[in-house]
Amino acid sequence: MENKDSFRDETNTNSPLGVGGVSPFGYYGEFGGAYIPEILHGTVEKLKEAYFAIKTDESFKAEYYELLKHYVGRPSPLYFAKRLSAEYGTNIYLKREDLNHTGAHKINNALGQILLAKRMGKTRIIAETGAGQHGVATATACALMGLECIVFMGKTDVERQFLNVQKMRMLGATVEPVISGNMTLKDATNEAIRYWCSNPDSFYIIGSTVGPHPYPDMVAFFQSVISEEIKWQLQEQVGRDYPDYLIACVGGGSNAMGTYYHYLDDDRVKIISAEAGGLGVETGETAATISIGTTGIIHGAKTLLMQDEDGQIIEPYSISAGLDYPGIGPAHAHFASIGRTKVYPVNDDEALEAAFELTRLEGIIPAIESAHALAILKKNKGNFKQDEVVVLTVSGRGDKDMDTYVKYFK
Ligand SMILES: *Cc1c(COP(=O)(O)O)cnc(C)c1O
């Protein structure tokens, strides 16, 4: 039998399962680690040291929570969705990350990392972005702190995401269009890593629970404020601090890890993740990494990824740019493989239907990523009991997806 303590990260004393189950070397079971070029070794070691130091530093926490409260607008509400609950015969509470400043959960992490960068004396921030959401969150944090910001973005995405590109520029960031590969997120990440190798003095803010250790753990830690709030909000609203179900969507996995973090070792809580099925896992036009991925190494971590027999990355497809990534955070690969989480692929059409349903029942237009989590309700209709409590994280708002939604108005 595995001794739970062997998974405990000794440097972390304020998390229930030692940082959601990560080992001192950054492994979640067989997944994770830090597969990085030698030249980055010292940089990543220093980052690890600085990160472990702030985790238990009360002055850091005070500064971070001050920003979360007055700048982001936290705590985000835990909203009892009455009409949605009636539809599914249970009690559904929505964790409203869509109400954060900049419209999604990504700002929680960007602010945490930028405070860390400041403590390390860094003056230049780099980041990768796909749809531009993480780029905007990072550019926002840099404007707030007065730091230089370079955002790598595939040229295809630069053309597709006009509004976010203009926002980043208005915020003072330099957007670097990347012209390698398919010119999308994976290529932007490769380019950011390449730049980091030649400029190790810059601080690389990664936007999800991916990348080399300590990033997956660090991003989860900064997003764990989500489940920290769910605990006391549930206690206040339903008289117990845990739900029967937690539901979230998984791209790289940061809003989901934040939602699950303080419940991972609580067996009373069933956890369901939604990944992007695209046109259907059997069609090849998909981003359902856990469903069809195999073990490999991508962007510094061992995890599940979509690859062909030669180890070439298969280009992912999803209607949702935020879920359109060929890998998955190593923690999610692990928790799915041991059965702690149940993962469903949700196809484009199911997500769209769920987005329209939430809008009409509750007056909330969700991000298309979040709509993938909402679609889990229909897939499980009849499984939720009348007296059970379901907490579902709405990771972002739908403003950015209006062009997509209007195409499907009936
Ligand atoms: C980026 C994004 C996601 C996917 O990222 P995770 O790291 O998996 O959370 C989900 N929802 C929204 C609104 C996003 O912007």
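Here the structure is shown first, and the text comes after it.
Residues numbered from 1 in each chain as written. Predicted model: local features only at pLDDT ≥ 70, side-chain atom pairs only at ≥ 80, totals over all residues. Heavy atoms only, no water.

Turning next to empty space enclosed by the protein. Tallied over the entire structure, the rule returns 2 cavities of 30 Å³ or more. For the largest cavity, the calculated volume is near 60 Å³. Lining the largest cavity, in full, are Thr43, Leu47, Met120, Lys122, Trp196, Pro200, Ser202, Phe203, Tyr204 and Tyr215. The set of elements that each furnish at least two residues to the lining of the largest cavity consists of α2 (41-55) and β8 (203-205). In the lining of the largest cavity, the residues fall into 7 nonpolar, 2 polar and 1 charged. What lines the second largest cavity is simply Val250, Gly251, Glu275, Ala276, Ala287, Thr289, Leu323, Tyr325, Gly327 and Ile328. Its residues assigned to classes, the lining of the second largest cavity shows 6 nonpolar, 3 polar and 1 charged. (1 Å grid on protein atoms, 1.4 Å probe; cavity = no way out; pocket = protein on both sides within 12 Å on 5 of 7 lines; lining within 4 Å. Points joined across faces, edges and corners; volume = space filled by probe spheres on them. Helix = DSSP H or I, 4+ residues; strand = E, 2+ residues; numbered from the N terminus. Nonpolar A, V, L, I, M, F, W, Y, C, P; charged D, E, K, R; others polar.)

Orientation of helix α6 (residues 133-145) relative to helix α8 (residues 162-170), taken along the N-to-C sense of each, is 15 degrees, at an axis distance of 9 Å. Here α8 runs roughly parallel to α6, going by the angle between their axes. Between α6 and α8 the crossing geometry is left-handed. Judged by residue contacts, Gln133, Gly135, Val136 and Ala139 of α6 engage Asn164, Lys167 and Met168 from α8. Classifying every residue of the contact of α6 with α8 by side-chain character gives 3 nonpolar, 3 polar and 1 charged. (Axes fitted to C-alpha atoms, helices over the stretch in contact; angles between N-to-C directions. Parallel < 35°, antiparallel > 145°, perpendicular 65-115°, else oblique. Left-handed = near helix turned anticlockwise from the far one by under 90°. Contact = heavy atoms within 4.5 Å.)

Glancing now at the site of the ligand. Among the 17 residues in the neighbourhood of the ligand, the closest are listed as Lys106, Ser208, Gly251, Ser254 and Ser395. In the model, an oxygen atom of the ligand is placed 2.6 Å from a nitrogen or oxygen of the Lys106 side chain. A distance of 3.2 Å is found between an oxygen atom of the ligand and a backbone nitrogen or oxygen belonging to Gly252. With respect to the detected pockets, the ligand is housed in the second largest pocket. A breakdown of the residues in the shell around the ligand according to their chemical character gives 4 nonpolar, 11 polar and 2 charged. Domain assignment of the residues forming the shell around the ligand places at least three in each of domain 1 (29-63 + 106-219) and domain 2 (74-104 + 224-408). (Near = heavy atom within 4 Å. Polar contact = N/O pair within 3.5 Å; in protein donor to acceptor, adjacent residues only side chain to side chain. Sits in = over half its atoms within 2 Å of the grid points. Domains from an automatic or database assignment.)

Spatially, the 6 strands line up as an open sheet ordered β3-β4-β14-β9-β10-β13, and their pairing is mixed. Every other strand in the sheet has two partners, leaving β3 (78-80) and β13 (341-347) as the edge strands with one partner each. For this sheet, the mean angle separating the axes of adjacent strands, direction not counted, is 25 degrees. Here β3 pairs with strand β4 (residues 91-96) via 3 bridges, running antiparallel. In the sheet register, Leu78 faces β4, and the bridge partner there is Lys95. Each of β3, β4 and β14 (389-394) is contacted by helix α11 (residues 225-238), which is oriented at about 140 degrees to β4, the strand it contacts most. Packed onto the sheet, helix α16 (residues 368-379) meets β4, β9 (245-249), β10 (270-278), β13 and β14 and runs at close to 140 degrees relative to β9. (Pairing = 2+ DSSP bridges.)

Counted under the stated rule, the structure contains 15 aromatic pairs. With centroids separated by 5.1 Å and ring planes inclined at 40 degrees, the aromatic side chains of Phe80 and Tyr93 adopt a geometry described as tilted. Highlighted residues: Phe80 in strand β3 and Tyr93 in strand β4, separated in sequence by 13 residues. Taking the relative accessible area as the measure of exposure, Phe80 reaches 30% and is therefore partly exposed. Note on Phe221 and Phe222: the rings are 5.7 Å apart at their centroids and 55 degrees apart in plane angle, and the pair reads as tilted. The buried category is assigned to Phe221, whose relative accessible area is 15%. (Phe/Tyr/Trp six-rings, centres within 6.5 Å; stacked < 30°, edge-to-face > 60°. Buried < 20%, exposed > 50% of the residue type's maximum accessible area, 1.4 Å probe, protein only.)

The next thing to look at is the layout of surface pockets. In this model, the largest pocket occupies a volume close to 1100 Å³. Elements supplying a minimum of two residues to the lining of the largest pocket: α5 (106-119), α6, α7 (155-160), α8, α9 (185-198), α16 and α17 (402-406). Its residues assigned to classes, the lining of the largest pocket shows 17 nonpolar, 12 polar and 14 charged. Of the domains in this structure, domain 1 (29-63 + 106-219) and domain 2 (74-104 + 224-408) are the two that each give at least three residues to the lining of the largest pocket. The computed volume of the second largest pocket comes to approximately 620 Å³. Considering the residues around the second largest pocket, the lining is formed by 46 residues, among which Lys106, Glu128, Leu185, Gly207 and Ser208 are closest to the centre. Those elements that place two or more of their residues in the lining of the second largest pocket are β5 (124-129), α6, α9 and α12 (254-260). Take the lining of the second largest pocket: its biggest share by element is 5 residues, from α9. Taken together, the residues that form the lining of the second largest pocket break down as 19 nonpolar, 22 polar and 5 charged.

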